[in-house]
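As a plain string of letters, each chain reads:
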Amino acid sequence: AQSVSQHNHHVILSEAASLELGCNYSYGGTVNLFWYVQYPGQHLQLLLKYFSGDPLVKGIKGFEAEFIKSKFSFNLRKPSVQWSDTAEYFCAVNRGDTGRRALTFGSGTRLQVQP
Amino acid sequence: EAGVTQFPSHSVIEKGQTVTLRCDPISGHDNLYWYRRVMGKEIKFLLHFVKESKQDESGMPNNRFLAERTGGTYSTLKVQPAELEDSGVYFCASSQDSYGNYGYTFGSGTRLTVV
């Protein structure tokens, strides 16, 4: 069975600092990768996704993620965070070949950006 | 387009009672998923409908949980009888295709508290 690890559970940054959130998955086959964000009081929203092609994926609100197949990683980055980025971030994968289509989520990273 | 709607947003019930959660997916989305997040842990898959059929129900915790999707439109998730460990946030998501090529759209969730 696949699993997803997010190593940072709680991150506190000042505005304008750079952000990198780690995500590693365990599945040797084809995977599709996602980052979701949940702002306080809101529903989960898709930041970006990777299915194939260029391993550097650009998403909404200035976020990007890089798929490194050899490291089973899909880290999320943003060069300069804003207070409005305060939220919980979830990495998720599903299998791109056969089997379960539903997402397997990491435990989430709570980001707090201080003004 | 309207998003995924879940009802109720909050529910507090006593142990042993029955609760029914409802999810209205985006119109035209054949794929509907239920997930649950318990006490700050990871979001876990419960089951996946394709139209009215259960494609994958491997995540359902036990037979106290019953999900239906009559006519392939809205879905209900019934917990009967509820236990304390059923407390958590229940999310519903829908998608056009099962791989999530266009992403999965999530509802705001139902926060269930069993006392």
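Remember, predicted model here, so these are calculated numbers, not experimental data. (Residues numbered from 1 in each chain as written. Chains lettered and ligands numbered in written order. Predicted model: local features only at pLDDT ≥ 70, side-chain atom pairs only at ≥ 80, totals over all residues. Heavy atoms only, no water.)

### Some remarks on the interface of chain A and chain B
Facing the 22 residues of chain A at the interface are 23 residues of chain B. Both sides of the chain A and chain B interface together cover about 1,800 Å² of buried area, and 56% of this is carbon and sulfur. If you look at where chain A meets chain B, you find one salt bridge. Linking R37(B) and E88(A) is a salt bridge whose minimum nitrogen-to-oxygen distance equals 2.8 Å. (Contact = heavy atoms within 4.5 Å. Buried area = accessible area lost by both parts, 1.4 Å probe. Salt bridge = Lys/Arg side-chain N within 4 Å of Asp/Glu carboxyl O.)

### Quick word on the environment of E83(B)
All names here are of chain B. Following the sequence through the fold, E83 ends up in the loop between strand 8 (75-79) and strand 9 (88-95). Judged by its relative accessible area of 22%, E83 falls in the partly exposed class. Once the C-alpha coordinates of E83 and V115 are considered, the two residues, 32 residues apart in sequence, prove to be 8.3 Å apart. Every residue in contact with E83, bar those within four places of it in the chain, is listed here: K15, R64 and V114. (Helix = DSSP H or I, 4+ residues; strand = E, 2+ residues; numbered from the N terminus. Buried < 20%, exposed > 50% of the residue type's maximum accessible area, 1.4 Å probe, protein only.)

### Points about the packing of aromatic side chains
Residue and element names in this part refer to chain B. Per the counting criterion, the structure on display carries 17 aromatic pairs over all chains. Centroid distance Y33 to Y104: 5.3 Å. Interplanar angle 85°. Geometry classified as edge-to-face. One end of the pair, Y33, is in strand 4 (residues 31-37); the other, Y104, is in the loop between strand 9 and strand 10 (105-106), with 71 residues separating them in the sequence. There is no split in this pair, since Y33 and Y104 are both buried. (Phe/Tyr/Trp six-rings, centres within 6.5 Å; stacked < 30°, edge-to-face > 60°.)

### Side note on the sheet that holds strand 3 (residues 19-24) of chain B
Residues and elements named next belong to chain B. An order of 1-3-8-7 is seen for the four strands of this open sheet, with the pairing classed as antiparallel. Single-partner strands in this sheet number two, and they are strand 1 (5-7) and strand 7 (65-68). Each adjacent strand pair in this sheet contributes to an overall mean axis angle of 15°, direction not counted. In the sheet, strand 3 pairs with strand 8 via five bridges, with the strands oriented antiparallel. Opposite R22, over in strand 8, you have T76 as the bridge partner. (Pairing = 2+ DSSP bridges. Axes fitted to C-alpha atoms, helices over the stretch in contact; angles between N-to-C directions.)

### A short note on the side chain of D56(B)
Residue and element names in this part refer to chain B. By the element assignment, D56 lies in strand 6 (residues 53-56). Here D56 falls in the buried class, since its relative accessible area comes to 16%. In terms of polar contacts, D56 uses its side chain to reach the side chain of S58, at 2.6 Å. (Polar contact = N/O pair within 3.5 Å; in protein donor to acceptor, adjacent residues only side chain to side chain.)

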